[in-house]
Structure formats: structure tokens, C-alpha cells
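One letter stands for each residue in the lines below.
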Amino acid sequence: MSTGAGNSIADERIKTEPLLSRLMKRPELGAIAGVILVTLFFLITADSSMFTLSGILNFLSPAAQLGILAIAAALLMIGGEFDLSIGSMVAFAGMIFGACVVNADLPLIVAIPLTLAFAALIGMANGLVVLRTGLPSFIVTLAGLFMLRGLSLVGLKWLTDGSTQLRGIREAVADDLLTPLFAGDAFGGLFRWAAANGYLDTFPNGDPTVPGVPVEILWFLGLAALATWVLLRTPAGNWIFAAGGDANAAANSGVPVRRVKITLFMVTAACAALLAIMQVIDAGSTDARRGFQKEFEAIIAAVIGGCLLTGGYGSAIGAFFGSIIFGMVVIGLTYTGFDQDWFQVFLGAMLLLAVIFNNAIRKRVTGER
Amino acid sequence: MSDPIIQLDNIEKHFGNVIALNGVSFDVRAGECHCLLGDNGAGKSTFIKTMSGVHQPTRGSITFEGKPMSFGSTREAMEAGIATVFQDLAMIPLMSVARNFFMGREPVKGWGPFRRFDVDHANAVTMAEMKKMGINLRGADQAVGTLSGGERQTVAIARAVHFGAKVLILDEPTSALGVRQTSNVLATIDKVRKAGVGVVFISHNVRHAMAVGDRFTVLNRGKTLGTAKRGEITAEQLQDLMAGGQELAQLESTLGGTV
Ligand SMILES: Nc1ncnc2c1ncn2[C@@H]1O[C@H](COP(=O)(O)OP(=O)(O)OP(=O)(O)O)[C@@H](O)[C@H]1O
Ligand SMILES: [Mg+2]
């Protein structure tokens, strides 16, 4: 290999680019800066217990739950589409899952793949409608938002003879070998060992105050790493960027745009179902309000993470940090003297800042004048 | 003379009530450059898009290497060895030059779940191919949106040349190019033709067409006016044919279909 990426021949028409300006071109920069700012804010205003191990796990847990949706939403946005139905999909998939384990008495090894497959099928239907009609996915999935929410209500009443809550899930899955993969805490043994050796705080009875790492955090980390790998280091990642950047140009260059977009819709719906499974096992029941407005939070986290609304640009790492900002603020406010309801104000302000920032970045990248 | 690599017979293409192509026949042989000429809106781009799988013809047949063929997508046409520089270039401004260069045909390395996009290889090839075309890129990771119009066109040409194993289609590839880059492109056409590739070259510039063309086909209002071999037609005649579409439609009978 003679000439690599950066080491092009010295050109008198190029100024050397300072590190900061090169960093400015990374899509996730805004989100990382946001995490730092929010951390500083809470270091000053919040009770110091927020940044102890238990405090950190405390805000990472909701961050992880949102992140599972946000990372998938980010991939879909980079691919040039939206899915507004993922919040309702959490409720709908929760109902399907509940029906599988309670009403049909299926073991998790069957119920989980069935729920994921069912969700993916609905995602595929979303994708097919969007591609067939050429309508904006925004409007098609807005219809899905209402239909799935309504179906969850109707379905739950039908399953439970009139209630909108399906109970008995905890009992149904309690002895299942797969349950610890989707709910509870991981590394319990390690934490007990650390507590016994004095590395962790303990309750008077000797148990550690932090029983382990909530499993959703591990899923969150794993998904972020996987999505980043796919985006930046596989042909499929290149196709996602291309399909979102200009679907026509991508198709003319041989990118299977339809397949890419439909797969992304399926992955997004499946991620919503995965979150539903984890939440439902954890809560032991499911109801029709589950996942309410999560689609907006996920899209906001993806936008804070650098995704452009027009597609073709963004990162999974960005959505990862965007979700962490979310979790920090939701939980962090309870450690401060501020009214909890500042959360909404903060959310809007963060979104506005992120869009303005992203727009500027895009201009830098494309050299727009 | 050798058999055509790709032959299109009586191609018709309708868009709703617009008849863009109304019975065009055309073929390309290995090692020749077949120029496709005609006025704006004559149907040249539409025609080459049916050749490269973007459009499926409303009527007519395509024969590729002696077998009937219908490309369902550009991907299928590419896999058959047909590469195209589209008039709109088909580039993604937000993506890097190297990612655009290999879009849809990414080189991979590694095995099983670790099979991955070989970014270093893609960058190196892109830089080398662009240098061959007379453009020194700042870096292969530069976004295409920051390139000049001509640089962008050169990336598209270099990409098609790199992947056009059997047929190379160029839709007005020199419209934005400087003198040096244009002669580079014409030299490249000559080179790939000598290597046995069939080239389809669309241009409004008669000098460029005469410089490399072996045969010349003129389209007018969705129909073929005729095909001439190199030496059978002068630059002036070709110019007249291309420019005066309307009057020439009447003149055609007196020319007796020789052009
Ligand atoms: N997708 C489409 N829908 C409707 N009409 C179309 C479509 N594509 C092309 N046409 C029409 O077909 C005709 C031929 O267009 P085409 O782009 O092939 O011309 P061209 O010969 O390439 O012209 P130019 O030299 O300007 O590039 C035009 O009248 C155009 O309006
Ligand atoms: Mg054209």
C-alpha cells in the first residue's frame, strides 16, 4: 500500500487542519460536549451521592432503556427514515410477550424470539408501506403510533377480560433460565466479593448496597458497540449512510437501498420489542401506557447525538451519549433542589441547541458556503 | 467484427404519457467506443439508464453476451460488468471520497463475523485512481461535498473505470472538466477500449466525440437518426445532425439513412 488515507502529498493549497477543527467534524462531538456540560452542572448543583457507584448506576439504568431505542432510531435516521411508532411498539410488544408467557404459557426461549419476530414483521410492514407509496416515513409511522397504541389497549382488554393491565408475568418467568439475561443485575458475585473485601459499601447484614450492574446497561453498551462497528466498519454501514444521504444516487451506484431501509425498520421495531421484554419481566406486568412518548425521546437523543433529520449523517456513539444526557437529567434533578418539571424545559432547549449545532457541523463537512 | 457485448433492439420507454424513447436500437462491441449524440432531451440519458438497469424498458429487448437479459437493478447490471457515470454523477455529498468510490462494492477483509470494510485499502485505491486521472486529493476521507464540480466528476469517472469490466457508459463525463482532465478522460477511454472494454460515450462536444469515437449514433426526439462509422462522416455533418434536430428530421429522407 503506497498512499494511505491521511498521508497525501503536501499541497500548498491546504492549511494544516488543527485538531479541534478536525474533531468538530465528528458527528458525536456535540453529545460528548453535552455530557461534560451536564456532568459539570450536576457536580455543582446536585447532592454528591449522585456520582457514587449506586448513583451512577441509578441514572445509567433509564439511560440504557432509552438508549436501546435511541441507537436503533439513530441507525434508521442515518438511513434516511423515521419511526414514530416505536413507543407504541413497546406497549404492543409488551402485550404480545405477556400473552405468550401468561396466556399461552410459553417458555422464554420461545416467547422472546416470537415477540421479536412479530415486532420485526410490523417493522417490515412499515418499511414496505413507506417504500411502496413513497410517502414520508414520518407520516406513515405516525399512523402506526396510533394503531399500535390502540391495538395494545384493545388487545389487553380482550386478553384480561376488560383490564388494560396484564399481570402474572413475574410468576410465569420466575424459574426460567433466560430471565437473568433480560432482567435484574449482572455480576452479583463480583459485587458480593468486592463488598466482602471492603471495596464496596455494605448494608449492616453484609450485602453490598449495590447488588450488581443492571442488565439493561450491558445491553446498551453491547448495542452501541455493535451499531458503531456496523456503521463504520462494514459494507452495510456504508449502505446505510448512502441510502440516507441520497437514496437515488445510492441505488444507481448498486446499493440495495430497499433492503437496507426495510432491514433498518425491522431492527428498530425489534429493539423496541427487546426493551418491552426487559421492562415487562422487570415490572412483572404490562399495560397499554408502556413506552408512552418514548419515540420522541429516542429521536431527540439521536439528534443530540448528531443525527441529521435529513438523513445520511450521524453516529451510534452520539445516540449513546445523547441517552446518557437524558438519564442524567431525569434522575439528576431529583438530587437537586430544582422542580422535577424543569426536565421538559431542558429537553426542548437541548434539542434546539443540538439541531443548530448539527446544522453548523453539516455545513463544515460538506464545505457549504 | 466481433459480436456485440450488449445489444438493445427497438427500446421504448414511456413515463406516464411521455414517450421518452420510441424504438432505439444500439449495440456496443468489445474494444470500441460508440458515441451517442443528440440534442437536449433527445433521450440519451434515458437510453443509457435502460442499459445500466435503472429503468426497465417498456418495450424492446436487451441481449447481453448473446443471451436475452433484463436487469432488475443497477446492481445486477454492475455484477454483469457494466459501470456507468450518470449525468448527475450519483455521489453522496456527506460521504467521503473513498466511501463514495466503493459505494455498493465495498472491499472486505477478515472472516466470518469479523468480515469488515477494508477502509485502508479503499483509501489507498481511491487516492491512486484519482492520481491517475490527474487529480491530487487532499485525502480519501474528504467529503465529496467539499470537492469542486470537476473533481466530483473525476471521482465518478475513476470509479466507473475501476469497476467497468466489460461495458463502460459515460453520460457527458467531460461537461465540467478542465483541459488537462478532459484529455485525461479521453486518453482513459482510449486505454480501456484497447483493453477490450466496450465504451458508450455521450457528449455534446463533437471534437471530443470525433477524437475517440469508432461509431456515432445520433438520437432525436426518442428515435435513432442513424449510425455512422468513423471516417464515413465529417465533424461538420455530425455537428449539423446534432444541432438541427428539427430540420434534420425532414432532411433525413434525402440523406437516405446513411448517417
Ligand atoms: N423520470 C422521467 N419522467 C418523465 N419524463 C422523463 C423522465 N426522465 C426523462 N424524461 C423525459 O424524457 C426525455 C428525454 O430525457 P433525457 O434525460 O434522456 O434527455 P438527454 O438526451 O439525456 O438530454 P440532455 O442532453 O439534456 O442530458 C425528456 O423530454 C425528459 O423530460
Ligand atoms: Mg442527459
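The structure reproduced in this document is the subject of the present report.

Cut-offs and rules
- Residues numbered from 1 in each chain as written.
- Chains lettered and ligands numbered in written order.
- Predicted model: local features only at pLDDT ≥ 70, side-chain atom pairs only at ≥ 80, totals over all residues.
- Heavy atoms only, no water.
- Helix = DSSP H or I, 4+ residues; strand = E, 2+ residues; numbered from the N terminus.
- Buried < 20%, exposed > 50% of the residue type's maximum accessible area, 1.4 Å probe, protein only.
- Contact = heavy atoms within 4.5 Å.
- Areas by Shrake-Rupley, 256 points an atom, 1.4 Å probe, with all protein chains shown as cover.
- Lys, Arg positive; Asp, Glu negative; His and termini not counted.
- Charge placed at Lys NZ, Arg CZ, Asp CG, Glu CD.
- Arc of directions from axis to C-beta.
- Donors = N, O, S within 2.8 Å, 3.2 Å for Na, K, Ca; no water.
- Buried area = accessible area lost by both parts, 1.4 Å probe.
- Polar contact = N/O pair within 3.5 Å; in protein donor to acceptor, adjacent residues only side chain to side chain.
- Nonpolar A, V, L, I, M, F, W, Y, C, P; charged D, E, K, R; others polar.

**Here we look at the overall build of chain A**
At step 1: The helix and strand inventory of chain A stands at 16 helices and four strands.
At step 2: Principal-axis analysis of the C-alpha atoms places the extent of chain A at approximately 70 × 55 × 45 Å.
At step 3: Considering chain A as a whole, with its 369 residues, one finds that 51% of them fall into the buried category.
At step 4: For chain A, restricting intrachain contacts to residue pairs at least 6 apart in sequence, the fraction spanning at least 24 positions comes to 77%.
At step 5: Here chain A displays about 17,200 Å² of accessible surface, and carbon together with sulfur accounts for 66% of that area.
At step 6: In chain A, 22 positive and 24 negative side-chain charges are present, and the distance between their average locations comes to 12 Å.

**Describing helix H8 (residues 235–243) of chain B**
Residues and elements named next belong to chain B.
At step 1: For H8, every residue scored as buried is listed here: Leu238, Leu241 and Met242. The buried residues of H8 occupy an angular sector of 95 degrees when the element is viewed end-on, so they sit on one face. Seen from the buried face of H8, the exposed residues on the opposite side, beyond 90 degrees, are Glu236, Asp240 and Ala243.

**Looking at the coordination of the magnesium ion (ligand 2)**
Residues and elements named next belong to chain B.
At step 1: Only Ser45 (OG) and Gln87 (OE1) from the protein reach the magnesium ion (ligand 2) as donors, at distances of 1.9 to 2.1 Å. Note that Ser45 is positioned in helix H1 (residues 44–51) and Gln87 in the loop between strand E6 (82–85) and helix H3 (97–101), a separation of 42 residues in sequence.
At step 2: Of the residues examined, Ser45 reaches a relative accessible area of 19% and is grouped as buried.
At step 3: The class for Gln87 is partly exposed, based on a relative accessible area of 42%.

**Observations concerning the interface of chain A and chain B**
How big an interface is tends to be stated in terms of accessible area lost as the parts join.
At step 1: Counting from both sides, the interface comprises 35 residues of chain A and, opposite them, 38 residues of chain B.
At step 2: In this assembly, chain A packs against chain B so that about 2,900 Å² is buried in total across both faces, 61% of it on carbon and sulfur atoms.
At step 3: Our count for the chain A to chain B interface comes out at eight residue pairs in polar contact (both at pLDDT 80 or more).
At step 4: When residues of the side of chain A that touches chain B are traced back to their parent elements, those giving at least two are helix H10 (215–233), helix H11 (235–245), helix H12 (247–252) and helix H16 (342–366) of chain A.
At step 5: Per element, the largest residue contribution to the side of chain A that touches chain B is six residues, and it comes from H11 of chain A.
At step 6: Taken together, the residues of the side of chain A that touches chain B break down into 19 nonpolar, 13 polar and three charged.

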